Amino acid sequence: MNSKFLQDKYKDKIKILDNGSVLINSDNWEEISELIKKNNFDYLMSVTSYDLQIDDMLGLAYNFYSTTSRTYLEVRIEFNKETEIQSVANIWQTANWHEREAFDLMGVLFKNHPDLKRILLPEDWEGHPLRKDYKEPEFYNGMPMPKDKSYWE
Amino acid sequence: MFKITDKSIIGADEMILNMGPQHPSTHGVLRLKIITDGEIVSHIEPIIGYLHRCFEKHCENLSYEQIVPFTDRCDYLASMHMGHAYSIAVEKLLDVQLPERVEYIRVIVAELQRIASHLIAVGAFGLDVGAITPFTWTLRDRERILDLFEQLSGARLLYNYIWPGGVAHDLPSNFIKNTEEFLNYFEPQIVEYNNLLTTNKIFIERAADVGIIPADVGINFGVSGPSLRASGVDYDLRKTEPYSIYDKFDFDVPVGRGEMGSVGDCWDRYWVRVKEMEESIKILRQALKSIPDGDVHEAIPKKIRPNKGEVYSRYESARGDVGFYLRSDGKNIPTRVKMRSPAYCNLSVLNEVSSGWMISDVITILGSLDIVLGEIDR
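Conventions we followed
Residues numbered from 1 in each chain as written. Chains lettered and ligands numbered in written order. Predicted model: local features only at pLDDT ≥ 70, side-chain atom pairs only at ≥ 80, totals over all residues. Helix = DSSP H or I, 4+ residues; strand = E, 2+ residues; numbered from the N terminus. Rg over C-alpha atoms; globule rule 2.2 N^0.38 Å. Buried ≥ 20, exposed ≤ 12 C-beta atoms within 10 Å, placed from the backbone. Contact = placed C-beta atoms within 7 Å. pLDDT = per-residue confidence, 0-100. Nonpolar A, V, L, I, M, F, W, Y, C, P; charged D, E, K, R; others polar. Expected span 1.5 Å × (residues − 1). Pairing = 2+ DSSP bridges. Axes fitted to C-alpha atoms, helices over the stretch in contact; angles between N-to-C directions. Parallel < 35°, antiparallel > 145°, perpendicular 65-115°, else oblique. Left-handed = near helix turned anticlockwise from the far one by under 90°.

**Q** Lay out the overall build of chain B in plain terms, naming residues and giving numbers.
**A** The secondary structure content of chain B amounts to 15 helices and eight strands. Here the C-alpha atoms of chain B give a radius of gyration of 21 Å, agreeing with the 21 Å that 2.2 N^0.38 yields for 378 residues. Across its three principal directions, the C-alpha atoms of chain B cover 70 × 45 × 35 Å. Counting every position in chain B, which comprises 378 residues, the buried fraction comes to 50%. Residue pairs in contact within chain B that sit at least 24 positions apart in sequence constitute 72% of those at least 6 positions apart.

**Q** Give me the confidence of the model for chain B: which residues, what numbers.
**A** Taken residue by residue, chain B gives an average pLDDT of 87. The fraction at 70 or more is 97%. As scored by the predictor, the complex reaches a pTM of 0.89 and an ipTM of 0.86.

**Q** Report on the interface of chain B and chain A, specifying residues and quantitative values.
**A** Taken together, the 27 residues of chain B in the interface contact 24 residues of chain A. Going through the elements one at a time, α1 (55-59), α8 (215-220), β6 (309-316), β7 (321-328), β8 (336-340) and α12 (342-348) of chain B are the ones with two or more residues in the side of chain B that touches chain A. If you tally residues by element for the side of chain B that touches chain A, the top one is β7(B), at four residues. Taken together, the residues of the side of chain B that touches chain A sort by class into 10 nonpolar, eight polar and nine charged.

**Q** Just give me the short version of the environment of S87(A), but keep the residues and values in it.
**A** Residue and element names in this part refer to chain A. By secondary structure assignment, the location of S87 is in the loop between β6 (84-86) and α3 (94-106). Judged by the 22 C-beta atoms lying within 10 Å of it, S87 falls in the buried class. Sequence-wise, S87 and G20 are 67 residues apart; in three dimensions their C-alpha atoms are separated by 24 Å. For S87, the residues in contact, after removing those within four places along its chain, are A95, E99, F110, K111, N112 and H113.

**Q** Any chance you could break down α3(A) for me, citing the residues and the numbers?
**A** Residues and elements named next belong to chain A. Along its 13 residues, α3 runs 18 Å from first to last C-alpha, staying within 8% of the 18 Å computed at 1.5 Å per residue. The buried fraction of α3 is high, at 13 of 13 residues. One or two positions beyond α3, positive phi appears at G107, with a value near 75°.

**Q** For the sheet that holds β6(B), give the residues involved together with the corresponding values.
**A** Residue and element names in this part refer to chain B. Read from one edge of the open sheet, three strands run β6-β7-β8, paired in antiparallel fashion. One side of each edge strand has no neighbouring strand; the edge strands of this open sheet are β6 and β8. The sheet shows a mean angle of 10° between the axes of neighbouring strands, taken without regard to direction. Pairing analysis gives five bridges linking β7 to β8, with the strands arranged antiparallel. Among the inter-strand pairings, F324 is bridged to a residue of β8, identified as M339. Each of β6 and β7 is contacted by helix α3 (residues 79-94), which is oriented at about 145° to β6, the strand it contacts most.

**Q** Can you explain the sheet that holds strand β2 (residues 31-37) of chain B? Please cite residues and give values.
**A** All names here are of chain B. The three strands lie next to each other as β1-β2-β3, forming an open sheet whose pairing is antiparallel. Looking along the sheet, the strands with just one partner apiece sit at the ends: β1 (15-19) and β3 (40-47). Between one strand axis and the next, the sheet turns by 25° as a mean value, whatever way the strands run. Two elements, β2 and β3, share seven bridges in a ladder whose sense is antiparallel. The residue bridging D37 from the neighbouring strand is I40, located in β3.

**Q** Give a detailed account of the environment of R285(B), specifying residues and quantitative values.
**A** Following the sequence through the fold, R285(B) ends up in helix α11 (residues 266-289). In this structure, the C-alpha to C-alpha distance between R285(B) and D370(B), residues 85 residues apart in sequence, is 26 Å.

**Q** Residues and numbers for helix α4 (residues 100-128) of chain B, please.
**A** All names here are of chain B. Taking 1.5 Å per residue, 29 residues should reach 42 Å; α4 reaches 42 Å between its end C-alpha atoms and fits that length. Of all 29 residues in α4, 24 are buried, a share of seventy percent or more. One or two positions beyond α4, positive phi appears at G130, with a value near 105°.

**Q** So, the packing of α4(B) against helix α14 (residues 359-369) of chain B: which residues are in play, and what are the values?
**A** Residues and elements named next belong to chain B. With their axes 9 Å apart at the nearest point, α4 and α14 run at an angle of 175° to one another. With respect to each other, α4 and α14 are oriented roughly antiparallel. Side by side, α4 and α14 meet where A124, F125 and D128 of the first sit next to I363, T364, G367 and S368 of the second. Split by residue class, the contact of α4 with α14 holds three nonpolar, three polar and one charged.

**Q** Quick one: what's the story with the packing of α4(B) against helix α5 (residues 133-153) of chain B, residue by residue and with numbers?
**A** All names here are of chain B. Running from N to C, α4 and α5 point in directions that differ by 165°, and their axes come no closer than 8 Å. Considered as vectors, α4 and α5 are oriented roughly antiparallel to each other. Relative to α5, α4 is oriented so that their crossing is left-handed. For the pair α4 and α5, the contacting residues are L112, I115, A116, L119, I120, V122, G123, A124, G126 and L127 in the first and P134, F135, T138, L139, D141, R142, I145, L146 and L148 in the second. Of the residues that constitute the contact of α4 with α5, the class distribution is 14 nonpolar, three polar and two charged.

**Q** Run through unusual backbone geometry, naming residues and quoting values.
**A** Residue and element names in this part refer to chain B. Positive phi is not limited to glycine here, since C54 has a value of about 55°. Here C54 shows up in the loop between β3 and α1. Residue C54 is classed as partly exposed on the basis of its C-beta count, with 16 C-beta atoms lying within 10 Å.

**Q** Quick rundown of the pairing of strand β5 (residues 72-80) of chain A? Include the residues and the values.
**A** All names here are of chain A. Alignment of strand β2 (residues 22-24) against β5, held across three bridges, turns out to be parallel. Bridge pairing links I24 to I77 in β5. Alignment of strand β4 (residues 57-65) against β5, held across nine bridges, turns out to be antiparallel. Of the residues in β5, the one forming a bridge with A61 is R76. Between the antiparallel neighbours β4 and β5 lie six residues, among them R70 with a positive phi of about 55°.

The structure is reproduced here in structure tokens:
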């Protein structure tokens, strides 16, 4: 079990899901991230943000890999969308751009991120498109957005 | 070819140089904001998003089958790999068992695609540092692979060939013979590339010892694929965590050894790609010899409606580690599709490795990373 070191330390504070991933609380994330790094998970593969569609909750899934022991770990955090999540960009540099992407498209707020700004969308874009309650804006920089989609849909 | 580490010896004012979005050496619509002191680069900020086509947002409104052509357009130089990576993720979610023949066909097209993609990478890298002829040679040989794919799927660039549960069509009758002919033609060509480019003194001077990515920096930034293996890290998903039927084949994973300079320099990243083409030929020869008969459509599900759940699957594409994170809530439309694109992470290391080098070396480093903007911006 790859997540044994987390279970030993945090016991009921974390939850092991069916597929082996670990669901944790956003308060413990700073401590846990350092513990994960200490346990040789040196490769952060991906940070995925998702919208839970219940009670304004968002989620983040971190996929880790250890190049020394060749094991795999997934850690998930689910939190209210107002909550600021501790950035792990100083531990794994991969997180820098992935967290910017999560902020840009899903509107996840990170604290202590070195450079939190939009990455894929223009800087003056409003809203976070991957949220399920996202409404397409009617105007962008004064230009009307086409509503008639019959020519391509 | 020399790196300034002591910044105090030059006192000129810094200036901002804007490279791109329209620039022949940025391999697409990438903009680099370079802060330079004279010719010496002190900081690079890559600005991406010019090719953002809302791939992930589109996926939330499309059924699982309809997403396949969209994945092709992410990495347009290795479309087969994207389709394959996505199909593996969906199959993991559905828990489908594939017929043996499908797995063989997928490995054959994936390895042909790897050769095609590396040919562009190798040729374009030569072009970036000023060698024009090798690019025309590699394109000439890539054309023969595209001809094979055209026979197979009817398209030359965006194939929509690998589907969840199978492939679109069985192999055409003469495909195996044509592929063997191509391999017989192509294997001696690699020697020609080596004579023309790899061992060329001017090329070595431009590429060796430039832009070294140390192994720990590469891992920390999430660099993957040939770019990480050039730093001496033996990390190839085909070997470390074999998916499909890669565990049946005998092949090596080339890693950088610093033959012309230091481990992890631009020349190593180039050389790993050349060696990988040789390994792909090895895999292809084995696969072509032992491909079994069977029905390629038998496992394609009538309707893709996975159970509630999440899956993260990984795949070794020509550029590195492609990950697909799928979330399903039991409908025929995924609630979230996230693509972990390898070139996105590979590009993020650019600032770290290029500060201290000259502007012309930034072109070399960027060329050696082999980025595809379609995949970075999605």
